[in-house]
Amino acid sequence: MPKAYVFTRFGGPETGALVDQDRPSPAPGQLLVAVRAAGVNPVDYKQRNGYARPGQTARELPAVFGNEAAGVVEEVGEGVTGFTVGDAVFGNPVGGGYAEYTQLPVAMTAHKPDSVSFTDAAALPVAGATAYDGIRQLDLPAGSTLLITGAGGGVGVAATQIARAFGVKVIGTASAGKKDFVESLGAVHVLSGPDFVAGVRAAAPDGVDAVYDLIGGEVLEAAAELLTDRSKLITAGGKDIVGRLGGAPVTRARNAAILDEVARLVADGKLNPLVTQTFPLSRAGEALRLVEDGHARGKIVIEIGG
């Protein structure tokens with residue numbers, strides 16, 4: 001039987017298990033996809049802890065981990081157009097991506113360019129698309145200076161490269177161990193920690209024009225003080241407090257058109273998802289723990305089948 005990595009109850013890493021799972025069938029408007037790769041993101045373990053997006057309920061248990069996947073279409077659901085069996089695709093699965101088979105809704109699925117690997121494509125629907133949505137939301141002119149907090153993680157890596165592709169200067173906060181990594185993306189590295197604001201002011205004496213926060217909490221509050229125009233403060237990590245600071249959460253488009261745009265940046269050589277480690281499905285728990293512990297640099301992907 002096909003295998004999937006699931007959480008059997010809400011809680012910590014001990015709730016994860018590799019199980020046999022019936023092969024799903026696509027509902028109307030969905031594709032059944034044989035998964036070749038699945039991206040690993042912080043939202044995955046947050047959902048295991050009971051997190052649900054506004055307007056949604058927590059996942060039904062047992063629930064398959066994962067929110068982004070790439071693979072090959074095995075079956076096309078009723079009413080689907082534009083996709084056929086055998087197409088290489090990527091997108092946001094409705095039932096989890098850490099599995100040999102998953103269902104992708106066509107509204108959030110795009111064709112994978114031939115020049116983009118399944119592994120790279122699986123890193124785009126959450127991290128790459130979130131980065132793209134945020135940079136577009138800020139709409140900074142070329143020559144502007146953008147601060148990205150948490151520049152060494154999956155979203156930060158993509159946001160830095162996309163901003164640089166649009167001619168924006170980037171200052172990125174990250175740990176000392178990620179300094180060379182962040183600088184290789186074309187950003188000015190500032191050491192994360194309690195004194196990061198002083199580091200940013202030293203790196204940008206004329207100030208920063210915008211902040212893209214990926215950390216939240218005290219980091220977001222401190223970063224907000226660097227701006228005179230709080231409309232240029234956005235966050236993917238502190239949605240609960242950004243409103244009172246005068247900023248806004250990243251507005252997610254969550255559609256196939258954005259996935260096409262991000263994939264085009266990869267195909268054109270303007271965006272490298274920088275998948276730094278891959279794991280087989282049998283070690284999915286290890287991959288997730290690496291992200292949960294905050295030790296990952298770049299993007300972690302689970303490779304499946306193929």
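Notes on the structure in this doc start here.

The rules behind each value
- Position numbers for residues count from 1 along each chain, tracking the sequence in the order it is written.
- It should be noted that, the model being predicted, local features are given only for residues of pLDDT at least 70 and side-chain atom pairs only at 80 or more, the latter also being counted only at that level, while totals for whole chains, interfaces and linings use all residues.
- Think of the side-chain values as coming from all heavy atoms in the structure, minus any hydrogens and water.
- Each helix is a run of H or I in the DSSP string that is no shorter than four residues. Each strand is a run of E no shorter than two, and both are numbered from the N terminus.
- Radius of gyration means the value over C-alpha atoms here, while the globule rule gives 2.2 Å times the residue count to the 0.38 power.
- A simple rule labels every residue: compare its accessible area, found with a 1.4 Å probe on the protein chains alone, to the largest value its type can have, and call it buried under 20%, exposed over 50%, or partly exposed in between.
- Whether two residues are in contact is decided by their heavy atoms, any of which lying within 4.5 Å being enough.
- We get accessible surface area from the Shrake-Rupley algorithm with a probe of 1.4 Å; when it comes to residues, only the shown protein chains can shield them.
- Lines are fitted to the C-alpha atoms to define the axes, a helix being fitted only along its stretch in contact, and any angle between axes, read from their N-to-C directions, falls within 0 to 180 degrees.
- Comment on the angle field: the value is read as roughly parallel under 35 degrees, roughly antiparallel over 145, roughly perpendicular from 65 to 115, and oblique elsewhere.
- Polar here means any residue outside two lists: the nonpolar Ala, Val, Leu, Ile, Met, Phe, Trp, Tyr, Cys and Pro, and the charged Asp, Glu, Lys and Arg; Gly therefore counts as polar.
- In a helix, the anticipated span is given by 1.5 Å times the number of residues less one.
- Two aromatic rings, drawn from Phe, Tyr or Trp (for Trp, its six-membered ring), form a pair once their centres lie within 6.5 Å of each other, and the interplanar angle then sorts them: stacked below 30 degrees, edge-to-face above 60, tilted otherwise.
- By definition here, charges over rings are those cases where NZ of Lys or CZ of Arg is within 6 Å of the ring centre and within 35 degrees of the ring normal.
- Put simply, buried Ala, Val, Leu, Ile, Met, Phe, Trp, Tyr and Cys residues joined by side-chain atoms within 4.5 Å make one nonpolar core.

## Regarding the overall build of the chain
Okay, so step 1: Check the secondary structure of the chain and you find nine helices and 16 strands.
Okay, so step 2: Taking 19 Å as the expected radius of gyration for a compact globule of 306 residues, we find that the chain reaches 19 Å, a close match to that expectation.
Okay, so step 3: C-alpha atoms of the chain, sized along the principal axes, occupy 60 × 40 × 35 Å.
Okay, so step 4: Relative to its full complement of 306 residues, the chain shows a buried share of 51%.
Okay, so step 5: Within the chain, contacts between residues at least 6 apart in sequence are counted, and of these 66% link residues at least 24 apart.
Okay, so step 6: As presented, the chain carries roughly 12900 Å² of accessible surface, and 49% of it is formed by carbon and sulfur atoms.

## Remarks on the packing of helix 3 (residues 124-138) against helix 8 (residues 256-267)
Okay, so step 1: With their axes 9 Å apart at the nearest point, helix 3 and helix 8 run at an angle of 95 degrees to one another. Classified by the angle their axes make, helix 3 and helix 8 are roughly perpendicular. Of the residues in helix 8, those touching helix 3 at Leu124, Pro125, Gly128, Ala129, Tyr132 and Asp133 are Ile258, Leu259, Glu261, Val262, Ala263, Leu265 and Val266.
Okay, so step 2: Grouping the amino acids of the contact of helix 3 with helix 8 by side-chain chemistry returns 10 nonpolar, one polar and two charged.

## What about helix 3?
Okay, so step 1: With 15 residues, helix 3 extends 20 Å between its outermost C-alpha atoms, agreeing within 8% with the 21 Å of an ideal straight helix rising 1.5 Å per residue.
Okay, so step 2: Counting buried residues in helix 3 gives 13 out of 15 residues, a clear majority hidden from the surface.
Okay, so step 3: Of the residues trailing helix 3, Asp139 is marked for its positive phi of about 50 degrees.

## A word on the packing of aromatic side chains
Okay, so step 1: Applying the stated criterion across every chain, the model contains five aromatic pairs.
Okay, so step 2: Connected via pairs of aromatic rings, a cluster forms that spans Tyr5, Phe7, Phe10, Phe65 and Tyr98.
Okay, so step 3: Of note, Lys112 hangs over the ring of Phe118, and the distance from its end group to the ring centre comes to 4.7 Å.

## Regarding the nonpolar core
Okay, so step 1: Phe90, Leu146, Ile148, Tyr212 and Leu271 are the most contacted members of the largest nonpolar core, which has 42 residues in total.
Okay, so step 2: Within the residue set of this core, elements represented by two or more residues are helix 3, strand 9 (145-149), helix 4 (154-165), strand 10 (169-174), strand 12 (210-213) and helix 8.
Okay, so step 3: By residue number, the principal contributor to this core is helix 3, which donates seven residues.
Okay, so step 4: Once residues within four sequence positions are removed from consideration, Leu271 is found in contact with Leu124, Ala158, Gln161, Ile162, Val262, Leu265 and Val266.
Okay, so step 5: Of all hydrophobic cores here, the second largest spans 24 residues; its members include Val6, Phe7, Leu281 and Ala284.

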